[in-house]
Amino acid sequence: MTEQYAHITGWGMSVPERILTNDDLAKMVDTNDEWIRDRTGIQERHIAADNETTASLASEAALNALRMAKVPPSEIDLIIVSTSSPEHLFPSTASLVQDRIGAEFAGAFDLSAACTGFIFALNMASQSIRSGSVKNALVIGSETLSRMVDWTDRNTCILFGDGAGAFVLQAHEEPGGVLSSIMRSDGSGGDLLSVPAGGSAAPTTNQTILEGQHYIQMNGREVFRFATRVMANASKEAISKANLEVEDINIIIPHQANLRIIEAAARGLKLPMDKFAVNVNKYGNTSTASIPLATVEAVEEGRLKRGDKVVFVGFGAGLTWGALTVQWTGPFSTEEPFKLARYQRTARLRSFWRRIQRFFAGIFFGRGRSG
Ligand code: UT7
């Protein structure tokens, strides 16, 4: 088999319509627009409506990415949804997305690496393509962290926003696409940013709810110090692993947590801020969705073009951090876009039909009995 490279050929995003400004937050907690802008660079964030969830945002972003790549859902072999705010503990959000978009031949799973998740997921999909086991993959970062934020805690509620972004990755023998990656974790800092309850260590009880342990808890200063330490080094490592120099990089797309963290990374890399994609002002910290959201906007603004070298770099809870060097590709296919609406109708019918089949199989063969 000829060597295969993992190219990014489609990208898409989805954000809720509802916007929450700093002034809105100032009516909810003891804060103000000036403090939030100065300390974080955030001006507003998007917040999911009641009928929007991590899977619905992920599905919409995925369909936009597939439309861009002109790859129908039936040709996707692998779906990875990176998220810290999954639809449920299980089934995976990825399985729900698989069903909704009609990716009938795809294996689907969630990846949990907090804000670094999109980097880790991209690397996993890319390695699956490089090994020859997968041809077309969908990598999605999706969050509705607004559902896990304590809206009375000014230390955290000003930071987070909701949204989703997705990439289509495709195999091709032409060199390019994902050139290098690094992934790191340090679980000794796990307590710095966590949702303590709701898992096996502290199952949900009245007590955990009364204590607010089902909300995001963060030691902001420590996370800030960690982030400023790792961002530049991770980028340098990924760049040198791709046999490139910092000067070869056209644009750096960092995790959008705080403008001051991005500025520290720029100083560490001795690069001007105009080399960095920044949209934290509009979306806040959307965790694992922030890198694909910033990428989609960078492409739309003409800042990322075919052949450009880009570094994606992120950090987050775990602690985790990582970076990827990519040679940007764009759509392979020049064919007419496929009829997405028809696919969607078929996907819904297929899903409905399978539920009906399962229902009747349950009646005929006995519900709850096996063998
Ligand atoms: O994706 C990864 C997720 N997390 C992060 O990236 C978070 C990284 N950390 C940060 O971005 C920053 O640490 C924060 C933005 C969270 C906080 O900024 P800071 O410059 O580290 O502020 P601080 O925690 O040192 O607090 C400074 C002061 C404190 O008052 P005193 O003790 O100096 O009187 C806080 O009580 O600011 C106060 N403060 C606020 N004031 C107005 C904290 N939050 C607020 C607020 N509005 N929302």
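Residues numbered from 1 in each chain as written. Predicted model: local features only at pLDDT ≥ 70, side-chain atom pairs only at ≥ 80, totals over all residues.

Undergrad: Would you take a moment to explain the site of the ligand for this structure?
TA: Residues in close proximity to the ligand total 20 residues, the closest being Thr 31, Arg 154, Gly 220, Phe 224 and Ala 257. Secondary-structure elements contributing two or more residues to the shell around the ligand are helix H2 (33-40), helix H6 (154-157) and helix H8 (220-241). The element best represented in the shell around the ligand is H8, accounting for 5 residues. Its residues assigned to classes, the shell around the ligand comprises 9 nonpolar, 8 polar and 3 charged. (Near = placed C-beta within 6 Å. Helix = DSSP H or I, 4+ residues; strand = E, 2+ residues; numbered from the N terminus. Nonpolar A, V, L, I, M, F, W, Y, C, P; charged D, E, K, R; others polar.)

Undergrad: Hey, could you run me through the sheet that holds strand S4 (residues 78-82) in this one?
TA: Hydrogen bonds along the backbone pair up the strands of a sheet, which may run parallel or antiparallel. Reading across from one edge, S1-S7-S6-S4-S5 is the order of the 5 strands in this open sheet, with mixed pairing throughout. Edge positions in the sheet fall to strand S1 (5-14) and strand S5 (107-111), since each has one partner strand and no second. Strand-to-strand twist of the sheet, defined as the mean angle between neighbouring strand axes without regard to direction, takes the value 20 degrees. Relative to strand S6 (residues 136-143), S4 is paired through 5 bridges, and the arrangement is parallel. When the bridges of S6 are listed, Val 81 appears paired with Ile 140. Seen against the sheet, helix H5 (residues 117-130) touches S1, S4, S5, S6 and strand S7 (163-172) and runs at an angle of roughly 165 degrees to S4. (Pairing = 2+ DSSP bridges. Axes fitted to C-alpha atoms, helices over the stretch in contact; angles between N-to-C directions. Contact = placed C-beta atoms within 7 Å.)

Undergrad: Got a minute to help me understand the pairing of S7 in this structure?
TA: On a regular strand, each side chain points to the face opposite its neighbour's, so the side chains alternate between the two faces of the sheet. Within S7, 9 of the 10 residues are buried, which leaves it mostly tucked inside the rest of the structure. Note that S1 and S7 share 9 bridges and pair antiparallel. Within S7, the position partnered with Trp 11 by the bridge is Phe 167. When S6 meets S7, the two strands line up antiparallel, connected through 8 bridges. Each bridged residue has a counterpart across the sheet, and for Glu 143 the counterpart in S7 is Gly 163. (Buried ≥ 20, exposed ≤ 12 C-beta atoms within 10 Å, placed from the backbone.)

Undergrad: Looking at this model, I keep getting lost on unusual backbone geometry. Mind explaining?
TA: Glycine aside, the phi torsion of most residues is negative, and most peptide linkages are trans. A cis amide bond links Phe 90 with the next residue in sequence, Pro 91, at an omega value of 5 degrees. Here Pro 91 shows up in the loop between S4 and helix H4 (93-101). Following Gly 318, the chain continues to Leu 319 via a peptide bond in cis, the omega torsion being -5 degrees. Structurally, Leu 319 is set in the loop between strand S12 (309-316) and strand S13 (320-327). One non-glycine residue, Ala 114, adopts positive backbone phi at about 50 degrees.

Undergrad: What is the right way to look at the nonpolar core in this model?
TA: Core analysis: the largest hydrophobic core is formed by 113 residues, its most contacted members being Ala 62, Ala 65, Ile 79, Val 97, Ala 125 and Val 139. Per-element accounting of this core gives the leading share, 10 residues, to helix H3 (residues 54-69). Excluding residues within four positions of it along the chain, Val 139 makes contact with Ile 80, Ala 121, Leu 122, Ala 125, Ala 166, Phe 167 and Leu 169. (Core = buried A, V, L, I, M, F, W, Y, C linked by C-beta atoms within 7 Å.)

Undergrad: For this particular structure, what's the right way to read the sheet that holds strand S8 (residues 177-185)?
TA: A sheet is described by the order of its strands in space; here 4 strands give the open sequence S8-S13-S12-S11, paired in mixed fashion. Here the strands that pair on one side only, and so sit at the sheet edges, are S8 and strand S11 (251-254). Along the sheet, successive strands turn relative to each other by an average axial angle of 15 degrees, direction set aside. Relative to S13, S8 runs antiparallel, the two being bridged by 8 bridges. Bridge assignment links Arg 184 to a residue of S13, and that residue is Trp 321.

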